[in-house]
Each structure stands twice: as C-alpha cells, then as structure tokens.
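# Coordinate inspection notes
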Amino acid sequence: MRILLGVSGGIAAYKAVLLLRLLREQGHAVRVVPTVAALRFVGAPTFEALSGEPVSTEVFDDVDAVQHVALGQGADLVVVAPATADLLSRAATGRADDLLTTTLLAARCPVVMAPAMHTEMWEHPATRANVATLRERGVHVIDPASGRLTGADSGAGRLPEPEEIARYALGVVGAGVPGDAAHPADPTATAVPGRPQDLQGRHVVVSAGGTREPIDPVRFIGNRSSGRQGVALAAAARARGAAVTLVAANLGPDVVDGVRGGGVTVVEVSSTAELRDAVRTAARDADVVVMAAAVADFRPAASPTAKIKKVAGRAPAPIELVENPDVLAELASSPLGPDQVVVGFAAETGDEDTSVLEHGRAKARRKGAHLLAVNAVGHELGFGTDVNEVTVLDRHGETVAKAAGSKREVADALWDAITPLLSTI
Ligand code: CTP
C-alpha cells in the first residue's frame, strides 16, 4: 500500500520516525511530507533514509511532476502524525500553503490524523471546532493520549504510541497488521507487549452511545453521550483477546469506524427498544455485558407517523411519557448466560443533598449489577471529552477500584476490575 505520512512541527515529530520505520517494516511504501517546522525537529535525511523516497515541503519543488496533486491522488492512506494545532487549523480551513496541506486537499483516500499538543491547546474551543469540522468531513482524528507532556506538565495531548497509530490507521483501510492473520482488518487486535490477553476466548458485549426516543418521524428525545467510553471499552477488550459485540446507539462514524471490523461486530441501534433487543440477543452467549450506553428512562407514549405540526394560536399538546425497561437491571436480576458478569455505568451530577458517589452507591445497590462505574457529568465533564474519571463500585456500593485518564486508560482499568470476576470454567 502507498502511505503518505504527513509530519507537522511538534516535539512528537520524533515519534513519526518510529511510525515510518514500523510502516516500512510492514511492507508499505511510505512517502514522508513534513512541514517546514517539522524539519526543525527531525532532519529531512532521516526521513529520506528510512523511507527511501525524497522529502520536500514546498509546492515549488519538483514542479514538472505536479507533485502537490500527484502525491495525494496516488496515496491509499494519508496519516498525519503528529498533527499540531496549526496543522489541524490549516486543514480544517482548507488552506493550501505548503505541500502537506495541498496534498490533503488532493487526497481522496482515508485520512487519519494523530494530534499532539499541550492540553490547553487541545481543549481550546478553536481546536475543538477544527477537530469537529475535520471529523464531519470524514477525517479520522485519533484522540490524543493522556500522560507526560513535553515540560513538567501532564494531561491530554500526548501523541499515541507509533504502534497504536499504525494499528488504527491500517484498521481504517482494512489493511490490518501482519502477524495477526485471524483478524486482518482489526485495528485493535495485535497484542501489545505488557498488555494482558486475559479476555482470550471470551465474548463481551458493550453498549455505547445514547438512545433516541422518537417523538415523530423527525424529532426525538436524546442525550449528549458521545459513546467514546463505550468504544474505548470495546477496543480495550479486543486488544485483550475478546470477541466483542458493540451495540452502538447513534454513534458518529468518527467514533465507531476505528474499532469496526476484525473481532468487533458493530450492531447499530437507535431507540431503547432496539438497543434492548440487540443487547439481549448478543448477551445469550456472552461472558460479560457492559452497559456503557446512556439509555433513555422514558419514551413518548405515542410516536405519530406524520410530523407534528405547529398550529397558530394553539398551545402544543404535552408529550406523554411512558417508562422504558431497565436493560441493566433486567440482566443483573436474570442473567442470560451462566456466570455472566454484568457491569453498568452511572453518570451522576450530584446535588445539594447528595454527592455523586452517594448517588452511585444507592444506584449500585438498586441495579444489582456486579460492578457499577460511577462518573461525574456536567456541561464540561464526561460527555464528549477524551478523559474520564470513574469509581468502580460492587453491588453493595463498596469501592473496588478507581481510574482516571484517557477513556482508553479508564477502559483498561475497568477490564482489570472485571476479569477477576470471570469464571475460570
Ligand atoms: N440503563 C439501562 N436501561 C435504562 C436506563 C439505564 O440499562 N432504561 C443502564 C445504563 O446503561 C447504565 C445504568 O443503567 O449502565 C445507569 O444508567 P443511569 O441513567 O445513570 O441510571 P438510571 O436508572 O436511569 O437512574 P437515574 O434516575 O439517575 O436516571
């Protein structure tokens, strides 16, 4: 495959060298297109020696080959790592002021970007808007990892490890990673050194996203769940050897595409009724069911087949709600498979009288799931962000684990808490 590796000017550019070597070792032809700033971190000869191809940054180099168009047109996959805040901004606005950005405009193949920057820059509304725009256009923007940044600070913004970027990017084009013949299109399947394979041979079901309850054919009652934590749980389980069914309630392609394929079966649903059916069908032979989806407690009693019209001068008819079944509580009280472990999430806000954790403890006892991961949500917390913080409770409301970090790190910590509960039979 012909891969075009864009490198923009951040300290993480050194990791692009490792990514380049990895992709070459896997037999891909890689052409590196750095920005001018990237070459202040890593010299062109390094990229040239490792890729075996020339390196240029400018549209005016090699003009007779019209390379500012040809490179993008000829690529099967474009990966930009690291993608700085400046590169994301230029790509989002369609600038064409160097070879990398013109290439991005000419490319018709899948484009994967791996941002890296300081947390403040990553969280700035301008960067968030640029990422949202790129994702809307179908660019696969990988969430940065959390951890130590360039200075003494740490937080979200680290470039994921080259292995992880390669796995994700090759998964997007269904190229998989050699050495994992069983799951050639699987972006998450390769065992990462040090990561346990403790879900090998297990089937796990994860629900993710937020349900939508139709009011009429064009309107619905929904919620702000992005589904990222559920998708991270699915990816982490796959990487630990499980066969995964991801019941995806209204997830954007940017959220779910990176995990689709190989050992992850994605079942798309919208309403609570559909989610319940899909979860219960998949749960029949599952070892674990994790209900990470935000499920609507109520639905409109009636769902007219025609659009509700506004009538001038007349107050709107109230929407009568009826209660939905509680999918988690049903599974917890009557599991569908022997020794099935059932895990829930509780997104809580806390209030004047009761803290987030107290609400969580009461819910853990009420729902009866083996484990309940409690997290605080609010306008700025939990939904749509790339980091999370959870306290894991048992069915008596006792704390068994705590985890904070990227949603992937939280996912792995949750699997660490789940796997000891699995029967060894
Ligand atoms: N859940 C479910 N079915 C529902 C509602 C919730 O399976 N009808 C699951 C969610 O997937 C989650 C857990 O229950 O794993 C907790 O969801 P949450 O909305 O926090 O709980 P509720 O029971 O709806 O409690 P609250 O009164 O706080 O809304």
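Everything discussed here concerns the structure shown above.
Residues numbered from 1 in each chain as written. Predicted model: local features only at pLDDT ≥ 70, side-chain atom pairs only at ≥ 80, totals over all residues. Heavy atoms only, no water.

Of regular secondary structure, the protein chain possesses 14 helices and 19 strands. The C-alpha radius of gyration of the protein chain comes to 23 Å, within 12% of the 22 Å expected for a compact globule of 425 residues. C-alpha atoms of the protein chain, sized along the principal axes, occupy 70 × 65 × 40 Å. Each of the 425 residues in the protein chain was classed as buried or not, and the buried ones make up 51%. Here the contacts in the protein chain between residues at least 6 apart in sequence split such that 68% fall between residues at least 24 apart. Total accessible area on the protein chain is roughly 19,100 Å²; 54% of this is exposed by carbon and sulfur atoms. Across the protein chain, the 41 positively charged side chains and the 50 negatively charged ones have centroids separated by 3 Å. (Helix = DSSP H or I, 4+ residues; strand = E, 2+ residues; numbered from the N terminus. Rg over C-alpha atoms; globule rule 2.2 N^0.38 Å. Buried < 20%, exposed > 50% of the residue type's maximum accessible area, 1.4 Å probe, protein only. Contact = heavy atoms within 4.5 Å. Areas by Shrake-Rupley, 256 points an atom, 1.4 Å probe, with all protein chains shown as cover. Lys, Arg positive; Asp, Glu negative; His and termini not counted. Charge placed at Lys NZ, Arg CZ, Asp CG, Glu CD.)

Our next topic: the packing of helix H1 (residues 13-25) against helix H8 (residues 162-172). Running from N to C, H1 and H8 cross one another at 50 degrees; their axes reach a closest spacing of 9 Å. Here H1 is positioned oblique relative to H8, judged by the angle of their axes. Note that H1 runs across H8; the crossing there is right-handed. Of H8, the residues touching H1 (which contributes Lys15, Leu18, Leu19, Leu22 and Leu23) are Pro162, Glu163, Ile165, Ala166 and Leu170. Taken together, the residues of the contact of H1 with H8 sort by class into eight nonpolar, no polar and two charged. (Axes fitted to C-alpha atoms, helices over the stretch in contact; angles between N-to-C directions. Parallel < 35°, antiparallel > 145°, perpendicular 65-115°, else oblique. Left-handed = near helix turned anticlockwise from the far one by under 90°. Nonpolar A, V, L, I, M, F, W, Y, C, P; charged D, E, K, R; others polar.)

A cis amide bond, omega -5 degrees, links Ala81 with the succeeding residue Pro82. Note on placement: Pro82 falls in strand S3 (residues 77-83). With a phi close to 60 degrees, Asn250 is a non-glycine residue in the positive phi region. Structurally, Asn250 is set in the loop between strand S11 (243-249) and helix H10 (253-256). Residue classification places Asn250 among the partly exposed residues on the basis of a relative accessible area of 25%.

Our next topic: the pattern of salt bridges. Applying the stated criterion across every chain, the model contains 20 salt bridges. Here Arg95 makes a salt bridge to Asp97, at a shortest N to O gap of 2.8 Å. By relative accessible area, which is 44% here, Arg95 ends up partly exposed. Residue classification places Asp97 among the partly exposed residues on the basis of a relative accessible area of 37%. (Salt bridge = Lys/Arg side-chain N within 4 Å of Asp/Glu carboxyl O.)

Nothing here speaks to function; it is all geometry.
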